[in-house]
Amino acid sequence: MTVIVTGGAGFIGSNFIFYLLKNHPDHKIVCLDKLTYAGNLSTLSSVLDRIVFEKADICDRKEVERIFEEQKPDVLVNFAAESHVDRSIEDPELFLKTNIIGTSVLMDACRKYGIKRFHQVGTDEVYGDLPLDRPDLFFTEETPLHTSSPYSSSKAAADLLVMAYHRTYGLPVSISRCSNNYGPYQFPEKLIPLMIANALADKALPVYGEGLNVRDWLYVEDHCKAIDLILQKGRVGEVYNIGGHNEMRNIDIVKLICKELGKPESLITFVKDRQGHDMRYAIDPRKIHSELGWLPETRFEDGIKKTIKWYLDNKEWWQEIVSGEYQSYYERMYAKR
Ligand code: NAD
Ligand code: DAU
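Residues numbered from 1 in each chain as written. Chains lettered and ligands numbered in written order. Predicted model: local features only at pLDDT ≥ 70, side-chain atom pairs only at ≥ 80, totals over all residues. Heavy atoms only, no water.

Asker: Any details on the overall build of the chain? Residues and values, ideally.
Answerer: Counting its regular elements, the chain contains 12 helices and 13 strands. Taken over C-alpha atoms, the radius of gyration comes to 19 Å for the chain, in line with the 20 Å a tight globule of 337 residues would show. The C-alpha extent of the chain, read off along each of the three principal axes, is 55 × 45 × 35 Å. In the chain, which comprises 337 residues, the share counted as buried stands at 57%. (Helix = DSSP H or I, 4+ residues; strand = E, 2+ residues; numbered from the N terminus. Rg over C-alpha atoms; globule rule 2.2 N^0.38 Å. Buried < 20%, exposed > 50% of the residue type's maximum accessible area, 1.4 Å probe, protein only.)

Shown next as structure tokens:
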């Protein structure tokens with residue numbers, strides 16, 4: 001079985017490649033990645049001799065077709081995307097190109113060359129947000145799409161296209177919509193790795209607004225396992241929500257990181273809120289549980305400790321990033337706040 005993993009040099013895609021290598025050593029894995037600022041080939045350095053790596057843009061039809069002709073994939077899992085909400089607020093266009101056009105180019109290649117499954121890695125952000133005073137509400141697969149940011153709108157558009165390719169062309173697709181991931185190799189522009197990196201450098205910890213926004217955190221390996229199950233047993237044409245009922249307020253996460261690292265909470269700095277900031281995400285995972293038997297295995301208390309330890313043990317991985325292009329982004333984004 002040949003699996004193309006797009007965006008495999010990013011956070012979740014790389015963890016998915018490690019998951020496949022461990023659990024399906026017989027699969028041939030082709031990683032297709034443009035290596036944008038968020039893609040890091042060094043993440044895959046320990047497995048590069050076991051996979052095929054293709055540096056390519058998912059929007060580049062010719063290149064995508066060449067890779068299909070050469071590799072003849074059975075399955076494609078699309079992680080490739082512009083994924084950071086704050087960047088989408090700064091510059092929406094790139095998000096529309098990569099996340100929407102890129103997805104359609106990949107699906108066109110699947111139609112032309114044939115595929116057993118096209119799996120789109122989606123996000124719970126397509127459902128918009130839930131109010132803080134209604135803890136009884138959760139996102140189900142039937143919750144209407146109701147997006148807030150250019151990022152989530154581009155991901156919702158991609159999901160709609162995926163379902164349209166299924167209905168119109170009969171493309172064998174599936175979609176998963178997952179909540180916030182954390183774990184090794186997450187780019188330090190996202191909440192958890194950014195706070196770990198800043199705390200270790202005794203820098204300010206920039207919490208947006210009052211830090212009361214709630215996210216439903218899932219350890220990245222649990223997400224990978226869910227996608228693998230959907231590929232094996234999930235129904236074609238279906239959407240599966242993935243989340244572990246682990247809702248936490250941002251401020252509590254940041255305080256926990258301070259505690260684990262022995263840093264003072266006085267580092268916490270409340271900064272200008274994100275525009276259009278979603279209040280609460282909360283997944284109802286009953287469908288994937290009842291149909292596929294998926295349940296998260298890593299408790300947050302353990303996962304966050306493992307993650308912090310990973311960032312402590314792998315400083316060279318993220319310090320290289322922090323000292324590179326990311327530095328100018330950080331100055332731009334946080335100087336204004
Ligand atoms: P990431 O930003 O860490 O990685 C994205 C990867 O895609 C990078 O390797 C990048 O180089 C690559 N890429 C970007 N544009 C490309 C292009 N045009 N062609 C080829 N490759 C390109 O993102 P992530 O956090 O790993 O997220 C992966 C996917 O999962 C995204 O689709 C995201 O929407 C979705 N998702 C993320 C989360 C989360 O909490 N991080 C939760 C749910 C869903
Ligand atoms: O819910 C799934 C989504 O989770 C994915 O689709 C996205 O790709 C992923 O980036 C993530 O989006 P969020 O916007 O929730 O993640 P982020 O880490 O950027 O922010 C998490 C929360 O922390 C959010 O409420 C904003 C807040 N925050 C973030 C940063 C970077 C801060 O308070 N300070 C910060 O510096």
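What follows picks up the thread again.
Asker: Which residues make up the site of ligand 1, and what values do they have?
Answerer: Neighbouring ligand 1 are 29 residues, the closest being Ile12, Asp33, Ser83, Tyr151 and Lys155. In this structure, Lys155 approaches ligand 1 through a side-chain N or O atom, which is 2.7 Å from an oxygen atom. Within the complex, 97% of the 840 Å² of free accessible area of ligand 1 lies under protein. Of all elements in the fold, only α1 (11-23), β5 (117-123) and α5 (150-169) reach the threshold of two or more residues within the shell around ligand 1. Residue contributions to the shell around ligand 1 peak at 3 residues, all from β5. Residues of the shell around ligand 1, tallied by class, amount to 13 nonpolar, 11 polar and 5 charged. (Near = heavy atom within 4 Å. Polar contact = N/O pair within 3.5 Å; in protein donor to acceptor, adjacent residues only side chain to side chain. Areas by Shrake-Rupley, 256 points an atom, 1.4 Å probe, with all protein chains shown as cover. Nonpolar A, V, L, I, M, F, W, Y, C, P; charged D, E, K, R; others polar.)

Asker: Which residues make up the site of ligand 2, and what values go with them?
Answerer: Not every one of the 25 residues close to ligand 2 is listed here, only the nearest: Asp124, Tyr151, Arg274, His277 and Tyr334. Between an oxygen atom of ligand 2 and a main-chain N or O atom of Leu191, the distance comes to 2.8 Å. In the environment of ligand 2, an oxygen atom lies 2.8 Å from a nitrogen or oxygen atom belonging to the backbone of Tyr208. Contact with the protein chains removes 95% of the 680 Å² of surface that ligand 2 exposes when unbound. Mapped by element, the contributors of at least two residues to the shell around ligand 2 are α6 (191-200) and β8 (205-208).

Asker: I'd like a rundown of the packing of helix α4 (residues 92-113) against α5, residues and numbers included.
Answerer: For any two helices packed against each other, the geometry is given by the interaxial angle and the distance between the axes. Taken N-terminus to C-terminus, the directions of α4 and α5 make an angle of 20°; their axes are 9 Å apart at the nearest point. By the angle between their directions, the pair α4 and α5 is classed as roughly parallel. Crossing of α4 against α5: the hand is right-handed. On the side of α4, the interface is formed by Pro92, Phe95, Leu96, Asn99, Ile100, Thr103, Ser104, Met107, Asp108 and Arg111, while α5 contributes Pro150, Tyr151, Ser154, Lys155, Ala157, Ala158, Leu161, Val162, Tyr165 and Tyr169. Residues that form the contact of α4 with α5 fall into these classes: 13 nonpolar, 4 polar and 3 charged. (Axes fitted to C-alpha atoms, helices over the stretch in contact; angles between N-to-C directions. Parallel < 35°, antiparallel > 145°, perpendicular 65-115°, else oblique. Left-handed = near helix turned anticlockwise from the far one by under 90°. Contact = heavy atoms within 4.5 Å.)

Asker: A description of empty space enclosed by the protein should follow, citing residues and the corresponding values.
Answerer: One pass over the structure, following the stated rule, counts 2 cavities of 30 Å³ or more. For the largest cavity, the calculated volume is near 60 Å³. Around the largest cavity, the lining residues are Val85, Glu125, Ser148, Ser149, Ser152, Arg215, Arg274, Gln275, Gly276, His277, Asp278 and Tyr281. Among the residues making up the lining of the largest cavity, the classes are represented as 2 nonpolar, 6 polar and 4 charged. In this structure, the second largest cavity occupies an estimated 50 Å³ of space. Along its surface, the second largest cavity is lined by Ala9, Gly10, Phe11, Tyr37, Ala38, Gly39, Asn40, Thr43, Tyr185, Phe187, Trp317 and Ile321. (1 Å grid on protein atoms, 1.4 Å probe; cavity = no way out; pocket = protein on both sides within 12 Å on 5 of 7 lines; lining within 4 Å. Points joined across faces, edges and corners; volume = space filled by probe spheres on them.)

Asker: Report on the pairing of strand β1 (residues 2-6), specifying residues and quantitative values.
Answerer: Of all 5 residues that make up β1, 5 are buried, and the element is covered over most of its length. Because side chains alternate across β1, one face comprises the buried residues Thr2, Ile4 and Thr6, and the other comprises Val3 and Val5, equally buried. For the crossover from β1 across α1 to strand β2 (residues 28-33), the handedness is right-handed. Inspection of the sheet shows β1 paired to strand β4 (residues 75-78) by 4 bridges, in the parallel sense. Bridged to Ile4 within β4 is Leu76. (Right-handed = clockwise from strand over helix to strand, strands pointing away. Pairing = 2+ DSSP bridges.)

Asker: Quick one: what's the story with the pattern of salt bridges, residue by residue and with numbers?
Answerer: Throughout the structure, instances matching the rule amount to 24 salt bridges. When the shortest N-O distance is used, the salt bridge between Lys116 and Asp74 registers 3.0 Å. One end of the pair, Lys116, is in the loop between α4 and β5; the other, Asp74, is in the loop between α2 (61-71) and β4, with 42 residues separating them in the sequence. The class for Lys116 is exposed, based on a relative accessible area of 58%. One salt bridge in this structure joins Glu189 and Arg87, with 2.7 Å as the shortest N-O distance. Taken together, the positions of Glu189 in the loop between β7 (181-182) and α6 and Arg87 in helix α3 (residues 85-90) put the pair 102 residues apart, joining distant regions of the chain. (Salt bridge = Lys/Arg side-chain N within 4 Å of Asp/Glu carboxyl O.)

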